[in-house]
Amino acid sequence: MVALRDIREAQEILKGVVHRTALTYSSVLSEISGGEIYLKMENLQKTGAFKIRGAYNKIAHLGEEERKKGVVAASAGNHAQGVALAAKIFGIPATIVMPRYAPLSKVTRTKKLGAQVILEGDVFDEAYEAALRIQERTGAVFVHPFNDPHVIAGQGTIGLEIMEDLPDVDMIVVPVGGGGLISGISIAVKSINPNVRIVGVQTENMPSMIASLKRGRIEKIEGKPTLADGIAVKKPGEITFEIIKKYVDDMVMVNEEEIADAILFSS
């Protein structure tokens, strides 16, 4: 599905397009944990999130005729901006379906990047279904936020950067929604050093990947609203599910109080 060579190819494609974000040592977290903790600063990436990596890599692999038809995507915010920026760079039209609860700031920034924004549904999955209907009607290329090999390979470039900047890393902790980020990182890292532990973190209000792994098959759950709206995904992807089963060492859940404390601590 996705191999190290695909991620290295994505790294070449993304040169000069995305920031190579810093891996910053956190003295406070290191003191609290008793270990050496580094933060991969993708919050300083273009559009404020890693999503531009996968979106750009996906569009870069489209043929000329596909690009003429434009792209369509569904997102709660970060993927929307990544797709919109990538489409703007390539000079192609983009339509983004966002849930009605999506933060106004993200909706506004997505529009400013030139994308047509449609608000539909209360959660990501409902926006996703609406985006698929638009794709069927228009013939535009659907850019999936996580269940796509090119998107996964693009996100995996983060893993390459971590291994280049900190080759003796012991463990990498990754947030999980649909699983695209941890899938790419785990393939890159485990292909270079299988001894590095990869741990995924998911909110207990929407633990779709954890529930699916426990049951041995992909499960759709209803869940509850969460502060971690960017990873509120009811159903994992088929591709990411198989990758996580193979490469990820552990998955843990955190509750809303722990998420809120972490936000206050890091602000």
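None of these values were measured; they are calculated from a predicted model.

Colleague: Teacher, can you tell me more about the sheet that holds strand β5 (residues 116-119) here?
Modeller: Hydrogen bonds along the backbone pair up the strands of a sheet, which may run parallel or antiparallel. Read across the open sheet, the 4 strands follow the order β5-β4-β3-β6; overall the sheet is parallel. In this open sheet, the two strands that pair with only one neighbour each are β5 and β6 (141-142). Looking at chain direction, strand β4 (residues 94-98) and β5 are connected through 4 bridges and run parallel. Note that in β5 the partner of V97 across the bridge is I118. Along the sheet, helix α7 (residues 124-138) makes contact with β3 (71-74), β4, β5 and β6, crossing β3 at roughly 160°.

Colleague: Please explain a negative patch on the surface as it appears in this structure.
Modeller: Taken together, the side chains of E204, E257, E258 and D261 present a region of like negative charge at the surface. On the basis of relative accessibility, which here comes to 42%, the residue E204 falls in the partly exposed class.

Colleague: What is the right way to look at the side chain of N205 in this model?
Modeller: Counting through the fold element by element, N205 comes out in the loop between β8 (197-203) and α10 (208-215). Non-local contacts of N205, meaning those with residues more than four positions away in its chain, are made with G223, K224, P225, T226 and E256.

Colleague: Can you walk me through the environment of P167 in this structure?
Modeller: With respect to the element layout, P167 can be found in the loop between α8 (149-165) and β7 (171-175). C-alpha of P167 to C-alpha of N193: the two residues are 26 residues apart in sequence and 8.8 Å apart in space.

Parameters at a glance
Residues numbered from 1 in each chain as written. Predicted model: local features only at pLDDT ≥ 70, side-chain atom pairs only at ≥ 80, totals over all residues. Heavy atoms only, no water. Pairing = 2+ DSSP bridges. Helix = DSSP H or I, 4+ residues; strand = E, 2+ residues; numbered from the N terminus. Contact = heavy atoms within 4.5 Å. Axes fitted to C-alpha atoms, helices over the stretch in contact; angles between N-to-C directions. Patch = residues over 30% accessible without salt bridge, like charges linked within 9 Å, V, L, I, M, F, W, Y side chains within 5 Å. Areas by Shrake-Rupley, 256 points an atom, 1.4 Å probe, with all protein chains shown as cover. Salt bridge = Lys/Arg side-chain N within 4 Å of Asp/Glu carboxyl O. Lys, Arg positive; Asp, Glu negative; His and termini not counted. Charge placed at Lys NZ, Arg CZ, Asp CG, Glu CD. Buried < 20%, exposed > 50% of the residue type's maximum accessible area, 1.4 Å probe, protein only.

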